[in-house]
Each structure stands twice: as C-alpha cells, then as structure tokens.
2 protein chains.
Amino acid sequence: MAEKISFEAPRGMRDFYPEDMVWRNKVFDAFRAAGEAAGFEPYDSCVVESYELLARKAGEEVGEQIYHFFDKSDRHIALRAEMTPTLARMVAQRQKELQFPLKWTTIAQCFRYERMTKGRKREHYQWNVDIIGEDSILAEVEVIGAACDALRRMGLSSGDFKVHVSSRRFLGELLSGSGISADKHAQVFLALDKRGKMPDEEISAMLRDGGLSDADVKATFDIMNLKSYDGCGELRELFRLAEIAGFSDCLEFDISVIRGLSYYTGIVFECFDTVGEFRAIFGGGRYDNLLTTIGGEPTSAVGLGFGDVVVTELLKSRLGEGAAKAKRGVAVGFMFPEQRDAALALASRLRGEGEAVMLSLKAQKPKKFFSRAESSAAAKAVFLGPDDVEKGVARMKDMETRGEIEICLSAAK
Amino acid sequence: MAEKISFEAPRGMRDFYPEDMVWRNKVFDAFRAAGEAAGFEPYDSCVVESYELLARKAGEEVGEQIYHFFDKSDRHIALRAEMTPTLARMVAQRQKELQFPLKWTTIAQCFRYERMTKGRKREHYQWNVDIIGEDSILAEVEVIGAACDALRRMGLSSGDFKVHVSSRRFLGELLSGSGISADKHAQVFLALDKRGKMPDEEISAMLRDGGLSDADVKATFDIMNLKSYDGCGELRELFRLAEIAGFSDCLEFDISVIRGLSYYTGIVFECFDTVGEFRAIFGGGRYDNLLTTIGGEPTSAVGLGFGDVVVTELLKSRLGEGAAKAKRGVAVGFMFPEQRDAALALASRLRGEGEAVMLSLKAQKPKKFFSRAESSAAAKAVFLGPDDVEKGVARMKDMETRGEIEICLSAAK
C-alpha cells in the first residue's frame, strides 16, 4: 500500500458528497428555473482569468485576496473572485454585435483567499443576474423579481426574507439637501457602509475625518433614520411595479443599504432573513461603470450576486435538514444470480418509461435489499425472487405508504 | 475612459456566450438525465486540489501539465487535470462510513497545460461516471449503458457512434498463450496503445526493445487481428447483458483498445463516431488501484470520462448548427409607456403559469419588437398597444405557425 496522504480537501475548499449535492441542486435548480422564467440567458466563462483584468476592477482589499499565479508561458493568471470583470470583458468583446439590452445569468464559482472564520470559505458559487444596457427601472424590477422568485422556488416566503432597498441617488440628494456638498458624498457612503459593523462613534470620527462638521454629522445620522421613500421618484416607481409583478411583500425601504464604494450609482439592495440571523443572502444594484473601467463603451447595468453558502444555511434552518430529501425513483433487486437478467430487463424497461432506477448489482437477501432501499432516495422498490420470475409477475412496493402493486415482468422482453 | 485591456479569455480557456450555452446545456442536461435514470448519485469537489494528491496519481506526462501554484500560506495547490484523484480522496476519507457499491457521477472542469493545437483547449468539462466497490460485470453494463443513454438523449443513435470494447485480462491471456511471459505484458500494452498514432515498424521496434523475439512480435500482431471475443467469458457476458439492457447495437469488440498504462485491469472501452472523424468521445474501464495509490483500502471500480468538447463537435456536425435552438417561451412587448404596467402584469401572470417570459423593458415599435422576437428563442409573442389594453384582450402569436390566439388581459390583475 502506498504512503497515506491527506484525504481532506485543501483548506477553505468544499467537497460535495451526495447528501450535500441534494442541497446544492435544490439551490442551483431554483436559480436556473427563476432565471429562465424571467427570460435571462445563461452564459459562462472559465474560472481562470487574466490577473490584469481582475486587478483592474477589484478594490485594493480584493486585489490582496486574489489567487494568482504564472502559467508555464509566464502568463499572469488568476482565479476569479467575482464574475463582474469577466462579464464586462465578454460584453466589451462583442459590444458592436450584441443586441442590447442583454439579460444574462450564470452560476459562477469564485475564489477569495481570506482568513478562515466560521462559515467563511475560500470558494463559493455565486448566481449572477444582470441586465446590461437598459436605463428603465423595469430592469431593477426584473432582476430583484427573479431573485425573489428563486427564494420562493426554494420553499421560502416573504415572511422568511426581505429585500432591503435604497437609492444612492436619493441618499446623495438628501445629503446635498442638508448642505453636505457632493465632493464629500463618497466619504459619507464609505463611513455609512460600516454601520452595524463598527460603533457609531467610530463612524462619526470617519465622517469628521472626511471634512464634515459636527452639524453635518448629526444631519447625516438624522438622514439614516428616514423611514419613508416618498421623496424618491424611482423608489416609488420600483415599489409600485413590484406590486404589479407580485413581489412587493418581499421589499422594504432601508436607507442604510449602501453597498461599498463608488461601484453603484442608483438603486441598491440587499436581502436578509427576517430574523437577522445570517449575513446578506444577496445584494446588488445599478452600476454604470461596468465597461468603462476596462476600456469599453459606457453602458448602464443592473445586477445582483447571490451566493450559495448563506442561502443553504438559511434553508437548512427554516425547512429542516430533511427537506431536500425528496424520495424518487425505483430500487430494483434480486435474490439469486438466476434472477439477474430479469432484474436488468426490468430496470431497463422502467428507465425507458422515464423512471430513475437504482439497480442492485448482485444477488442479495431481501432484508438487506429493503434496508438499503429504505435509507436511499427510492420512492418504490421491487425485489425479484425465483417465484416472481417464474410467474412473470412481481410486486412494486411504495416505500412511504407500504402499499404494493403487481407489475408484469413478461413485458420486459 | 480607462486604458483598454484585452477582452479575450486567457489562452486555451473558453467563454460561453448564450449561443454556446445552448449546446453546453444540451450536453450537460443529457449527462445529468442519463446519470439520474441509471441511479448514479451526483457528487462534486473544488477544482483546486492539493498538488501532492494530483502528482501521486498522474503519470509523468500529466505531472508536467498540471497548473500548480502556492497560496498565501505557501500551500502547494493545483487545478485538477482529471477527477479520479479527487474521487479517490473523497471515497478514502469516508471509506468506513460509505455504503458500497457507490454509484457516483459528476461533471468536472479539468485543466491541462498543453501546446495549443486545433481543437485542443487547456480546460474542458468531463462527465465522470463511476461504480466503486463492485466486482460484478453488471457494473460495466451500468456505466457503459449510462453513456450510451446520454448520447441517445443528445439525439444520436448507434449508427452515429460505437463503443469499442476489449479486456486487458483477455489480451494478457492471449499473449501468454503465444508464449509471451506476463512480465513483458506491460511493455506490450504500452507499444500496442500507440497503434494508429505511429507506424507499425516503430511499434515492432518498441516490442523488440521490450525483449520480444521476432516470432513474439509476429504473434502480437496476429493477436491484434482477432475479430472474435468468443474466447473471453467476461466479454461474452458483457455483450449478452448489453442486449438485455437494450444497447448491444452500440457495442463492438475491438482488441486494439488498450487505454494507456497500468491503470486498467479488466474490461476497457473507448467510444468513437462511426465515420472515424473525431477523437474518442469517451473512454474508461475497470481499475483496481483507485484507493491504494493514495493509501486507502483496496477496492475494485469501473468508470468512464466523457469530455464535452468532442461530443459537441460531433453533435454540431451530425445534427446541424441549428439543432440546439429549440424555440420556447413568450416574448412580451408594448407600444407606449402607458402599456408598460399591463405588459408587466401579463408577464408575471404567464411566469406564474410556468412560461419563460422575455419582457421588453421599454416601449417599442411593433416592427422592432417582432423582429427581435423572431431572432430570439421565443416560441410565442404578445405585443400590447393602446387598443389591446383598453379592450382587455391581446393576441398571442405563434412564431412558427404565425397563428394567433386571443388572451384576456383582465385576468392579469
């Protein structure tokens, strides 16, 4: 036997055993179905990108966290930390040919080298939903609506989650209205984005460092207490259209949603569980610099990123660990080698009829067969003994109801 | 505008635009459906693996081709070149808990740094189908049967492809029967594996270098002309069971299928298009050293690797470029901003009924709307003008038959 080496995945990377895949498929299937229902077209690209592209878009913090290396031709390449730079590159590459607006979606594995803390991995999958080249607020409605639809398809309702919505433009107007000049807004956004993550005193200090007077700081905190979006036309329109589209119960106005630095330019949103137990489920907004940062033509876009980790934790908590284990398919077994041909013929016939069939590969005692069928995903089970094959009739057992129906084996030839 | 950077994917890596994803989804959907029908459970792992694991399993050539690098903690990591080492690691990690036999499947992106030649990429996706811990020939039948089923689900038939099957054990027996001792068999397999890739004279030279006499070389070439598998019990059984399972028309005996070096131990197979136009579509066989090379307990396994590149080329060639573009879903548009709410309400209703809806995000002239609907994937189209909304009735057009049906808008509220 060879020297034993570690059987663990590299630190921060996940293995998906079949029982983990049941959850992942539940989440991914909902992403795909919601994207398709809302008319988004799938796209994808390789997880390996040029380092230059990723560094251009990334802030300094992210730049530090990129996995990067040189290939054998000394090309500087990297594992993407997010999909947006790749999206920008692909759109820019065909900007003259593509028919805008684009409605594109992908489920992209992304890598980030981070200190390991609980729940933090160094890779995750992120569902991306983007509309590129459309100014209308209907773009925001379609993107947020698709995300709410995905959560519903996973089995959650508006009682489980809320999409917190605000507008960068609105917040800027409110700041200007309080006499805080536009050149200071970026610094204010940066400070306000830290709310909840650091004490208000430190945020006040950040604001004063940004050139705000004590009165400005007070005005800024007052704005953060705003509970109504009535002063903002685009938010009023967003909520009205969400009602027509049937997901306004999933939305709430939240002036404190900022989303990082200079990236976003209009509506911004973040989705949280209503208990406040988990980190953000998804987030996004309108951004106008997608293509210009890499040298493409200016275009407006709305997009969101929806990771697989938080939502899976939420689903397990709200629906229970057993929720993903839907029983389906038929287990087929046989008692002696003499029944193997009949079992294979039956399995092939059932597969031809559209059933998923778990065929035992060798003769078994009935007890062992039914015990494994019980613990598997099988909804039904058929076990062939000598008498069944001789008579040409077997019994198919419903694993839940314990009821049995007779099936004809002769049709198997 | 920022300095322009390259919009191309890194060399050897693929972008998948929506029109490429149509083909990829056709192939992946067939992989998933065939795996599920045959009762294989999905698993997955991260594309980043430890270098030590990959180097252990890989031959020298592959070791040279691995993308590897050091992370910020100086961990030696790499992008997997194939899934088998990861599969071995995951099985070994839980060897005491897992219920054997395992029937596992995954679609794994794999990387290999190669000189760029036509059709050769540095990454591809490989469908892996494995049965681990089962000696019965029924394991081979299930694995090969699933692959044939996937090809049929893609729209191909046994006239388009054949699975060439042989047995390492049978070939060894034939060589021994000709007086070529077992210690020389590895060298003979190595030489015979090059047939078709180099002239027979060079293969003869390789065989003589391996210690074979001129008579042995002649005997070896005679064996390569064998057309019947009657002397091999396990091949007879495989063909008989494939007939019961309904895919024997996809199989043919081919003594020249060898598959590399010491990896395989029994049945081996490779699938080719019947015209002989493309490289192998998939290949695999029985292998016994899966776990022992990394220090796990011995176990027998049957598996195959089925790449996405060759089969996609084959499908485009045999089915035509248009074959993947199935029309589906409904395009919804509107003439003036006043009809936008009605269009959104209709789109939401149709989505609730299970339709994929491509909703126009702004008012359009009917000509422009129908022209884009025509070039899109939409099977049906509805365009709302002022009269339609006033009457509460619109017309849904079938894009293929040009027929129209009336639909009620009032039900949209």
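Going by the structure above, here's the rest.
This report concerns the structure included in the present document. Think of each chain on its own: its residues are numbered from 1, step by step along the sequence as written. Chain labels run from A onward and ligand labels from 1 onward, assigned in the order the entries are written. With pLDDT at 70 or above as the cut-off, local features in this predicted model cover only qualifying residues; side-chain atom pairs require 80 or more to be listed or tallied, and sums for whole chains, interfaces and linings still use all residues. Calculated side-chain values reflect all of the structure's heavy atoms, with hydrogen atoms and water omitted.

Let us look at the overall build of chain A. Broken down by element type, chain A carries 14 helices and 18 strands. Throughout, the radius of gyration refers to the C-alpha atoms, and the reference size of a globule is 2.2 Å times the residue count to the power 0.38. Taking 413 residues into account, the globule formula puts the C-alpha radius of gyration at 22 Å, and chain A, at 27 Å, lies well above it. C-alpha extents for chain A along the principal axes are approximately 90 × 55 × 45 Å. By the burial criterion, 55% of the 413 residues in chain A qualify as buried. In this text, helices come from DSSP runs of H or I with a minimum length of four residues, and strands from runs of E with a minimum of two, each type numbered from the N-terminal end. Categorising residues by exposure relies on relative accessible area from a 1.4 Å probe, with only protein chains included: less than 20% of the type maximum marks a residue as buried, more than 50% marks it as exposed, and the intermediate range marks it as partly exposed.

Here we take up the packing of aromatic side chains. To describe a pair of aromatic rings, you give the distance between the ring centres and the angle between the ring planes. The rule is short: rings of Phe, Tyr and Trp, with Trp giving its six-membered ring, pair when the centres are within 6.5 Å, and they are stacked under 30 degrees, edge-to-face over 60, tilted in between. Taken as a whole and judged by the stated rule, the model has 39 aromatic pairs over all chains. Measuring from ring centre to ring centre gives 4.2 Å for Tyr229(A) and Phe239(A), while their planes differ by 10 degrees; the resulting arrangement is stacked. Here Tyr229(A), found in the loop between helix 9 (214–223) and helix 10 (233–245), pairs with Phe239(A), found in helix 10; they are 10 residues apart in sequence, far enough to count as distant. The buried category is assigned to Phe239(A), whose relative accessible area is 9%. Summarising the aromatic geometry, the rings of Phe28(B) and Tyr125(B) are spaced 5.2 Å apart at their centres and angled 70 degrees between planes, so their arrangement reads as edge-to-face. Of this pair, Phe28(B) sits in helix 1 (residues 18–37) while Tyr125(B) sits in strand 8 (residues 123–132), and the two are 97 residues apart along the sequence. Grouping residues by exposure puts Phe28(B) and Tyr125(B) together as buried.

All names here are of chain B. If you walk across this open sheet you meet the 8 strands as 2-7-8-13-12-11-9-10, and the pairing is mixed. The outermost strands of the open sheet, each flanked by one partner alone, are strand 2 (41–42) and strand 10 (251–253). Here, residues are in contact when the closest pair of their heavy atoms is within 4.5 Å. The axes used here are C-alpha line fits, helices contributing only the stretch in contact, and every angle between their N-to-C directions lies in the interval 0 to 180 degrees. Lying over the sheet, helix 6 (residues 168–177) contacts strand 9 (161–167), strand 10 and strand 11 (267–273), oriented at roughly 50 degrees with respect to strand 9. Here, any two strands with at least 2 DSSP bridges between them count as paired.

What follows deals with the pattern of salt bridges. Salt bridge, as used here: a side-chain nitrogen of Lys or Arg that lies within 4 Å of a carboxyl oxygen of Asp or Glu. Under the definition given, this model contains 58 salt bridges over all chains. In this structure, the salt-bridge partner of Arg32(A) is Asp29(A), at a minimum N-O distance of 3.4 Å. On the criterion of helical spacing, the pair formed by Arg32(A) and Asp29(A) is a turn pair, its members being 3 residues apart in helix 1 (residues 18–37). Classification of Asp29(A) as partly exposed rests on a relative accessible area of 43%. Notably, a salt bridge pairs Asp388(B) with Arg395(B), separated by 3.8 Å at the nearest N-O pair. Residue Asp388(B) is classed as buried on the basis of its relative accessible area of 10%. Accessibility expressed as a relative area gives 44% for Arg395(B), which makes it partly exposed. Three or more residues are tied together by salt bridges with common partners; here these are Glu237(A), Arg240(A), Arg340(B) and Asp341(B).

Moving on to the interface of chain A and chain B. On the side of chain B, 104 residues touch chain A, which itself brings 104 residues to the contact. Once two parts are brought into contact, the accessible area they lose, counted with a 1.4 Å probe and summed over both, makes up the buried area. The largest per-residue losses of area from chain A upon contact with chain B belong to Phe7(A), Tyr17(A) and Leu361(A), which jointly make up 9% of the total buried on that side. Summed over the shared surface of chain A and chain B, the number is 16 salt bridges. We note a salt bridge from Arg340(B) to Glu237(A), for which the minimum N-O separation is 2.4 Å. Throughout this description, a polar contact denotes any pair of N or O atoms lying within 3.5 Å of each other; where both atoms belong to protein, one of them has to be capable of donating a hydrogen while the other can accept it, and for residues adjacent in sequence the pair is counted only when both atoms sit in side chains. Our enumeration of links across chain A and chain B arrives at 50 residue pairs in polar contact (both at pLDDT 80 or more). Among the elements that line the side of chain A that touches chain B, the one with the most residues is helix 1 of chain A, at 8 residues. The sheet contact formed by strand 3 (residues 44–45) of chain A and strand 1 (residues 15–16) of chain B spans 2 bridges and is antiparallel. Bridge assignment links Asp44(A) to a residue of strand 1 of chain B, and that residue is Phe16(B).

Turning our attention to the relation of the copies chain A and chain B. Of the transformation superimposing chain A on chain B, the axial component is 0.0 Å and the angular component is 180 degrees, with the fit at an RMSD of 0.1 Å. Given the turn and translation reported, the copies of this chain are related as if by a two-fold rotation axis. Closest approach to the rotation axis within chain A is made by the C-alpha atom of Phe69(A), at a distance of 3.1 Å. Comparing contact sets, 100% of the residues at the interface of chain A also lie at the interface in chain B, consistent with an isologous, same-surface contact. The fit set for superposing copies consists of C-alpha atoms from residues with pLDDT of at least 70 in both; the fit itself is least squares.

With respect to the helices and strands, the residue Thr312(A) is situated in helix 11 (residues 308–319). Those residues in contact with Thr312(A) that sit more than four places away from it in its chain are Trp23(A) and Val27(A).

What follows covers helix 8 (residues 200–209) of chain B. Residue and element names in this part refer to chain B. Those residues of helix 8 that fall on the buried side of the exposure criterion are Ile203, Ser204, Met206 and Leu207. Projected down its long axis, helix 8 carries its buried residues within an arc of 160 degrees, all on one side. Residues Glu201 and Asp209 are exposed on helix 8 and point more than 90 degrees away from its buried face. Elements in contact with the buried residues of helix 8: helix 7 (185–192) and helix 9 (214–223). Downstream of helix 8 by one or two residues, Gly211 has phi in the positive range, about 95 degrees. Taking the helix axis as origin, the arc is that swept by the directions to the C-beta atoms.

Residues and elements named next belong to chain B. Along the chain, the position of Ala378 falls in the loop between helix 13 (366–375) and strand 16 (380–384). Residues Ala378 and Val332, spaced 46 residues apart in sequence, show a C-alpha to C-alpha distance of 9.6 Å. Contacts of Ala378, omitting those with residues within four sequence positions, involve Lys327, Arg328, Gly329, Ala331, Met358, Ala373 and Met399.

Take the pairing of strand 7 (residues 102–111) of chain A next. All names here are of chain A. Within strand 7, 10 of the 10 residues are buried, which leaves it mostly tucked inside the rest of the structure. By the alternation rule, side chains of strand 7 split into Leu102, Trp104, Thr106, Ala108 and Cys110 and Lys103, Thr105, Ile107, Gln109 and Phe111, which are all buried. Note: strand 2 (residues 41–42) against strand 7, 2 bridges, orientation parallel. Pairing of Glu41 across the sheet is with Trp104, part of strand 7. Taken together, the 10 bridges between strand 7 and strand 8 (residues 123–132) define a ladder with antiparallel strand orientation. Bridge assignment links Thr105 to a residue of strand 8, and that residue is Val129.

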